[in-house]
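These are the residues of each chain, in order.
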Amino acid sequence: MRNVTSILVALLVLASGSIATAQEAAKPKPDVLFISIDDMNDWVGCLKGHPQIKTPHIDAVARRGTLFTNAHCQAAVCNPSRASVLTGLRPSSMGIYGLSPGFRAVPALKDVVTLPQHFAAHGYRTFTTGKIFHDGSIPPRNRAAEFQEWGTDGQFARPATKFVQTPQNHPLMDWGVFPKDGNDALHGDWKIADAAIAELKKPRDKPLFLAVGFRFPHVPCYATQKWFDLYPLDGLQMPPVLENDRDDVPPFAWYLHWKLPEPRLSWLKQSQQWKPLVQAYLASTSFMDSQIGRVIKALEETGKLDQTIIVIWSDHGWHLGEKGISGKNTLWERSTRVPLIFAGPGIAKNASCEQPAELLDLYPTLSELAGLPAREGLEGQSLLPQLKDASAVREQPAITTSNQGNHAVRSVRWRYIRYADGSQELYDMKADPNEWKNLAGDPAHAQVIRAHARWLPKIDLPPAVPGAPRVLVKVKDQWLWEGKPVIDSELEE
């Protein structure tokens, strides 16, 4: 009799499990609003990166969900960062470090299943507008294989001539009030928001994965006068800078920022352009935030706000004078720390998590939130434990790579950097958030260095294209930047 009872109980358990599985499968899948921002550092209201920044719409999404205050990119350059997010692989596992090639041009990656492909394969309509993949990395003839439909690219609108004549005079390296007539709709971000809003309003019979890639505050930092008026030059708070900041930094650090179009702080000061650049960065950020607000309002009007997973992220940060430079391409906090916010069903509200997070975690996290099958081979970790409980501990730190052999490891308290020549940096981010004191040479911190060094990537491939833009490679005893010799005497021009 006991055996019969046991069998009946087991059958009931199996039946209830099958019913639960069937019910789970029948549950409507959430929509996904995947918002990317270009070159946005931690100058966001909820991250408190700049005391005067006004980003009310990003801040409102953070209150609706979970903010990661210690989130970092995989590479402080657009192409490898975005390739990493979309493939779920580290730059060092792909050999992609510069502005080219597109990852599909790497033979080992030609068949990799990207994040939008994964969603499309499991019943989602996928639509993209703006900059999600790096510009030019997906040829037009291949676009339909990545997203089912593409909206406007939302390219930058520009004045007839540049406002600022920078040392290398790169066409994108510019900032100022534009257009003068106050027409915000001329900007690419307005058009990108328009395309996203139109897609949200369409009737459909599938869940939606909508990717929206805003271009500001990437240079050129343009905005109309009303956005500049939020940040008058008189009283503008500048980022904290230590004049001798680089005295204890390994010389090799310059190799990652050699001969770039972004001007050095010395030039910005001499040309009286430091304040105008900071003002323009803030103004273009606030304008971009307003376009996020337009998209969120449209989503709310559809009645699907509470059934939509929203994620906001930036591909990497940007220096505005810190460490003596402007731009990205470094392994310091200003280049690597990014906004990362999740909101929607199954996510704790008004929560803040200080555990390290990586953009690499987006792929597995969104898959799990949407109830999709997990993909093997992804190098990130799902953030679902932290999205349910922001205090949940995560052992793995965040890792950023800048060219082969150069890596930063960021834990809750520490930033450890190892360069390709073996030189090191270590910063106590609690006591020294500006990274002004390199502790790597202090024997008292040897154990901290060992604990962080064990997380350095085990796979560290050479560049797929050695001479590509922003790629550093060693040939025999000579370091080459974009295929040209690095000349030490020119490093601090």
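Look up a bit, the structure's there.
The shown structure was predicted, so the numbers you read here are calculated from the model rather than taken from an experiment. (Residues numbered from 1 in each chain as written. Predicted model: local features only at pLDDT ≥ 70, side-chain atom pairs only at ≥ 80, totals over all residues. Heavy atoms only, no water.)

## Concerning the overall build of the chain
Rule in force here: Secondary structure elements follow DSSP: runs of H or I no shorter than four residues count as helices, runs of E no shorter than two count as strands, and numbering proceeds from the N terminus. Radius of gyration here is computed from C-alpha atoms only, and the compact-globule reference equals 2.2 Å multiplied by the residue count raised to the power 0.38. Per-residue accessibility, obtained with a 1.4 Å probe over protein chains only, is compared with the maximum for each type, and a residue is labelled buried under 20%, exposed over 50%, and partly exposed between these values. Residues count as neighbours in contact if any of their non-hydrogen atoms are within 4.5 Å of one another. Only the protein chains shown count as cover for residues, with accessible areas throughout obtained via the Shrake-Rupley method and a probe of 1.4 Å. Residues scored as charged are limited to Lys and Arg (positive) and Asp and Glu (negative), so that His and the chain ends carry no count. In this description, the location of a charge corresponds to atom NZ of lysine, CZ of arginine, CG of aspartate or CD of glutamate.
Along its length, the chain carries 13 helices and 21 strands. A globule of 493 residues ought to have a C-alpha radius of gyration of about 23 Å, and the chain, at 23 Å, matches this closely. Along the longest, intermediate and shortest principal axes, the C-alpha atoms of the chain span 90 × 60 × 45 Å. Looking at the chain as a whole, 58% of its 493 residues qualify as buried. Considering only contacts within the chain whose residues lie at least 6 apart along the sequence, 72% involve residues at least 24 apart. Roughly 20100 Å² of accessible area belongs to the chain as shown, and the carbon and sulfur atoms make up 55% of that amount. Charge centroids of the chain, computed over 54 positive and 53 negative side chains, lie 4 Å from each other.

## So, the side chain of Arg125
Cut-off, in case you're wondering: We call two N or O atoms a polar contact when they sit within 3.5 Å, provided that within protein one can donate a hydrogen and the other can accept it, with sequence-adjacent residues counted only if both atoms are side-chain atoms.
Considering the arrangement of structural elements, one finds Arg125 in strand β4 (residues 125-130). Overall, the relative accessible area of 18% leaves Arg125 in the buried class. A distance of 2.6 Å separates the side chain of Arg125 from the side chain of Glu149, its partner in a polar contact. At a separation of 2.7 Å, a polar atom in the side chain of Arg125 contacts the side chain of Glu199. Arg125 has contacts with Gln148, Glu149, Glu199, Lys202, Lys206, Pro207, Leu208 and Phe209, leaving out every residue within four places of it along the chain.

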